[in-house]
Amino acid sequence: MRQLVSIAGVVPDRWVHLSELAGRAAPVTHLIVPWAEFQTSPADWCQRAPNVGVSVAADTAFTALLPQLDRLTLIAIGFPSISEGRGYSLARQLRERGHYTGELRASGEIFRDHMLFLARCGFDTFEVSQRETPQEAFAALKSFTVAYQPVRTEPAAIALVRRRIQPFN
Amino acid sequence: MYRYDVIDQTLVRQRVAQFRDQTARVLAGQLTEDEFKSLRLRNGLYIQRHAPMLRISIPYGLLSSLQLRTLAGIARRYDRGFGHFTTRQNLQLNWPKLEDVPDILAELAEVEMHAMQTSGNCIRNITSDHLAGIAPDEIVDPRPYCEIIRQWSTLHPEFTYLPRKFKIAVTASPQDRAASQVHDVGVHIVRNAAGQLGYEVLVGGGLGRTPILGQVIRSFLPEEDLLSYLEAILRIYNLLGRRDNIHKARIKILVKAVGIERFRAMVEEEWLAMDRSALRLVPAQIAYMQSFFKPLPYESLPAAEPPSAADAAYQAWYRYNTRAHKVPGYRVVFVSLKAQGQAPGDATSGQMEHIADLAERYSFGQIRVTYTQNLVLGEVRERDLPALWQWLKASNLATPNIGTLTDMICCPGLEYCSLANASSIPIAHQIWDRFADLDYQYDLGDIEIKMSGCMNACGHHHVGHIGILGVDKSGEEWYQITLGGSASEKAALGDVIGPSVPKAEVAATIERILNVYLEQRTEDERFIDTVGRLGIEPFKERVYAAAGEHRRRRA
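Residues numbered from 1 in each chain as written. Chains lettered and ligands numbered in written order. Predicted model: local features only at pLDDT ≥ 70, side-chain atom pairs only at ≥ 80, totals over all residues.

(A) Region of the structure containing the overall build of chain A. In terms of regular secondary structure, chain A is built from seven helices and eight strands. Burial statistics for chain A: of 169 residues in total, 37% are counted as buried. Taking the intrachain contacts of chain A between residues at least 6 apart in sequence as the baseline, contacts between residues at least 24 apart amount to 45%. (Helix = DSSP H or I, 4+ residues; strand = E, 2+ residues; numbered from the N terminus. Buried ≥ 20, exposed ≤ 12 C-beta atoms within 10 Å, placed from the backbone. Contact = placed C-beta atoms within 7 Å.)

What follows is the structure, given as structure tokens:
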């Protein structure tokens, strides 16, 4: 099983990409289907395994994903290069506009330097680059203990400047 | 001025630790140069012609004496004893060693400074009016809003890998002293008809290869919605800005491609759909930021008389290098970094220390950096002016030329920058030497010369009254001249007058242009207005007629 970085630690990955399946009919509990294939027949794909997610390119429109959000338990956004930035905005749209609560995964050229930014945009798991160490990537989630921007998951999601006047709740 | 609290201090220290790790990884070969590039750029570190170049952030151009003294010390110990103030109100060091940079950043962190986001494809240093808080014509002090934007934009998780760099300028006066129309976003603090404070927001301005003036995306945004609206603009840009071609990646290209109407519709849709509450500015929060920029403890003083004609040199300095302050008895003093023979915008460590001392003695310990590459002591008692003038003269910082021909904006050019096609600094020297007579400069009046060594336009040549662009023609340096540009509230892009001229001919060409002005101007008409009235034709004719004559004589 692949090592997966999550915001809770380095864990074995339960999910399998369609391309990694031994055969088209092989049994699987957690299956990630490329978005182009999933779209051809969403209902059928959802019958294929108890848990079905999709992998999407970073330039996928939020509005295209919106109608499918209820049936997805994982969305993996691809980062083909270290400077890919669209996935950060797509993640926030999924979380904040789409109220998507399933697993949000970043995959591709992910290094320790990206981790905290990704996590603060709503990602909770990370398939890091083959040239990155999962443990180092996980440790980088603690490289900053402060931030200026409000985050949905923080209990009092208010901007830091406002926290300052309501002494740091 | 704004002071760091424990949160700000923690953040910059953690950033230094992170960069130290990144530097160690590249030096140990664990990161490729290419991977390190996108990381170091986010800390202001370029690899330039001779050495790394470190660009240090000066938020909205405001420095304390302690900070300026620290910059002077860093320039002396880690560099060659001088620094270069830029058109983004920042400071560049041209010769630091890569392995020293983490230590430099650590020293900066101890005086509440950093180099975050002074380069790279992220939100850059927020710039503003260098007369913020002291300009008689301002609606409010824009700096609290600048600081709010600075904090929001610092290490913003969503906007750290934008298609391209993103520059924001904030002004709060009818007079635009921050070139806001040539920024990716220009924020104008205004009052609406009902007297409420808010913002006119411009988007899609910029210079570079494709100069465009910003267009109004919102004529009035309520005060509380500043950050959420900026976030909506940035999100649309981040999602839809081009990433396939670096020269077409700025927001101006996106706005031009879809049109301002469509762009506005997309931003408004995102803005209305997003959760705006978390970013809503509440009055107490704005008041908290304003508490850092309260009026300084001014004395109650009578307004002094302007100097008598007795001392012509002092009178010239007073006239050109000082401006009105909104408090009676005080003046704004410009420290000219444009002396003859000096690279425009450069200051030595000794000069920086001297200015830091003078600011402590005469101007509440604060210094402002202008985007035109001078410094300002903003709060000087009129009765202290003669003494301050003497001290500034002693360090070659009192050249009475602010707003004149020799107060040129100039990029580092071929001497330092690896992007440059041609030099800028030697051209500045050439112009200075040809027009060294100050009385001639005074007779010409307000003229803005802006010069870039390549089409990236760091020297803002498109918006110079006279713009000079260095180009490479089969290995030789040539210069293209534009006329009629302006970065003021009446912003305009200059028109190219014709084929570029050889390096040795730049100052002579400018003289021909100025001669047309001197012959054609009406009483008190400024150069830019004469160009506006006549168009570029008469200037063009004179320049190229002379060039034709020159060629015929040689033949």
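(B) Structural context of the overall build of chain B. From N to C terminus, chain B includes 17 helices and 21 strands. Against the compact-globule benchmark of 24 Å for 555 residues, chain B has a radius of gyration of 23 Å, which places it among compact chains. In chain B, buried positions account for 55% of the 555 residues. For chain B, restricting intrachain contacts to residue pairs at least 6 apart in sequence, the fraction spanning at least 24 positions comes to 66%. (Rg over C-alpha atoms; globule rule 2.2 N^0.38 Å.)

(C) A look at the interface of chain B and chain A. Taken together, the 35 residues of chain B in the interface contact 30 residues of chain A. Those elements that provide at least two residues to the side of chain B that touches chain A are helix 1 (6–27), helix 2 (33–41), helix 5 (143–153), helix 6 (226–240) and helix 9 (283–290) of chain B. The residue makeup of the side of chain B that touches chain A, split by class, is 18 nonpolar, 12 polar and five charged. (Nonpolar A, V, L, I, M, F, W, Y, C, P; charged D, E, K, R; others polar.)

(D) Expanded view of the pairing of strand 12 (residues 330–335) of chain B. All names here are of chain B. Burial analysis of strand 12 places six of its six residues in the buried class, the great majority of the element. In strand 12, alternate side chains face the same way, and those of Tyr-330, Val-332 and Phe-334 on one face and Arg-331, Val-333 and Val-335 on the other are all buried. The antiparallel hairpin formed by strand 11 (residues 322–324) and strand 12 contains five residues in its connecting segment, where Gly-329 sits at a positive phi of about 90 degrees. Bridge count between strand 12 and strand 15 (residues 375–381): five bridges; the pairing is antiparallel. Paired with Tyr-330 across the two strands is Arg-381, which belongs to strand 15. (Pairing = 2+ DSSP bridges.)

(E) Highlighting the sheet that holds strand 15 of chain B. All names here are of chain B. Within the open sheet, the five strands sit side by side as 3-14-15-12-11. Their pairing is antiparallel. Each end of this open sheet is capped by a strand with a single partner; those strands are strand 3 (62–64) and strand 11. The average angle at which neighbouring strand axes cross in this sheet is 30 degrees, direction not considered. Strand direction decides the pairing type here: strand 14 (residues 366–369) and strand 15, joined by two bridges, are antiparallel. When the sheet's bridge partners are listed, Val-369 is paired in strand 15 with Leu-375. Strands strand 3 and strand 14 of the sheet are contacted by helix 3 (residues 65–78), whose axis makes an angle of about 85 degrees with strand 3. (Axes fitted to C-alpha atoms, helices over the stretch in contact; angles between N-to-C directions.)

(F) Examining the sheet that holds strand 2 (residues 52–56) of chain B more closely. Residues and elements named next belong to chain B. Strand order in the open sheet formed by five strands is 1-2-5-4-13, and the pairing between neighbours is antiparallel. Taken across any chain shown, the strands that pair with only one partner, and hence form the sheet edges, are strand 1 (45–47) and strand 13 (346–348). Strand-to-strand twist in this sheet, taken as the mean axis angle between neighbours without regard to direction, amounts to 30 degrees. Bridge analysis of strand 4 (residues 82–85) against strand 5 (residues 91–93) gives two bridges, and the strand direction is antiparallel. Across the sheet, Phe-85 pairs through a bridge with Leu-91, a residue of strand 5. Running at roughly 125 degrees to strand 4, helix 3 makes contact with strand 2, strand 4 and strand 5 of the sheet. Helix 11 (residues 349–362) rests against strand 4 and strand 13 of the sheet, and its axis sits at about 85 degrees to strand 13.

(G) Structural detail: the nonpolar core. All names here are of chain B. Ranked by size, the top nonpolar core spans 195 residues in total, and within it Ile-233, Val-335 and Ile-355 carry the most contacts. It is helix 6 that provides the largest number of residues to this core, a total of 10 residues. Ignoring anything within four residues of it in the chain, the contact list for Ile-355 reads Leu-68, Val-335, Ile-367, Leu-375 and Leu-397. (Core = buried A, V, L, I, M, F, W, Y, C linked by C-beta atoms within 7 Å.)

(H) Focus on unusual backbone geometry. All names here are of chain B. Of note in this structure, Gln-373 is not a glycine but carries a positive phi near 70 degrees. Overall, Gln-373 belongs to the buried group, with 25 C-beta atoms counted inside 10 Å. The residue Ala-457 is not glycine, and still its phi comes out positive at about 70 degrees. Along the chain, the position of Ala-457 falls in the loop between strand 17 (449–452) and strand 18 (466–473).

(I) View of helix 6 of chain B. End to end, helix 6 of chain B covers 22 Å across 15 residues, agreeing with the expected 21 Å (1.5 Å per residue, within 8%). With 14 of 15 residues buried, helix 6 of chain B is to be regarded as a mostly interior element. (Expected span 1.5 Å × (residues − 1).)

(J) Spatial organisation of the environment of Val-531 of chain B. Residue and element names in this part refer to chain B. Mapped onto the secondary structure, Val-531 falls in helix 16 (residues 527–534). Note on Val-531: 25 C-beta atoms within 10 Å, which makes it buried. Residues contacting Val-531, with those up to four places away along its chain left out, are Leu-483, Gly-484 and Ile-536.

(K) Focus on the confidence of the model for chain A. On average, residues of chain A carry a pLDDT of 90, and 90% of them reach 70 or more. pLDDT under 50 marks residues 165–169 of chain A. Its contacts with residues more than four places away, or in other chains, come to six contacts. (pLDDT = per-residue confidence, 0-100.)

(L) The arrangement of helix 16 of chain B in detail. All names here are of chain B. Where helix 16 is concerned, the buried positions are Phe-527, Ile-528, Thr-530 and Val-531. Burial along helix 16 is one-sided: seen end-on, the buried residues are contained in an arc of 160 degrees. Residue Gly-535 follows helix 16 closely and has a positive phi angle near 75 degrees. (Arc of directions from axis to C-beta.)

(M) Inspection of the environment of Arg-323 of chain B at higher detail. Inspection of the secondary structure puts Arg-323 of chain B in strand 11. Once you skip the residues sitting within four places of it in the chain, Arg-323 of chain B turns out to touch Arg-331 and Val-332 of chain B.

(N) Up close: the packing of helix 13 (residues 425–434) of chain B against helix 15 (residues 506–520) of chain B. Residues and elements named next belong to chain B. For the pair helix 13 and helix 15, the least separation of the axes is 8 Å and the interaxial angle reads 50 degrees. Here helix 15 runs oblique to helix 13, going by the angle between their axes. When the axes of helix 13 and helix 15 are compared, the crossing they make is right-handed. On helix 15, the residues touching Ile-427, Gln-430, Ile-431 and Arg-434 of helix 13 are Val-506, Ala-507, Ile-510 and Glu-511. Its residues assigned to classes, the contact of helix 13 with helix 15 comprises five nonpolar, one polar and two charged. (Parallel < 35°, antiparallel > 145°, perpendicular 65-115°, else oblique. Left-handed = near helix turned anticlockwise from the far one by under 90°.)

(O) Highlighting the environment of Glu-99 of chain B. Residue and element names in this part refer to chain B. Mapped onto the secondary structure, Glu-99 falls in the loop between strand 5 and helix 4 (101–110). We classify Glu-99 as exposed; it has 11 C-beta atoms within 10 Å. Separated by 61 residues in sequence, Glu-99 and Thr-160 have C-alpha atoms that sit 24 Å apart. Once residues within four sequence positions are removed from consideration, Glu-99 is found in contact with Thr-23 and Leu-27.

(P) Summary view of the confidence of the model for chain B. Looking at chain B as a whole, the pLDDT averages 94, with 98% of positions reaching at least 70. Among the scores for the predicted complex, ipTM is 0.95 and pTM is 0.95.

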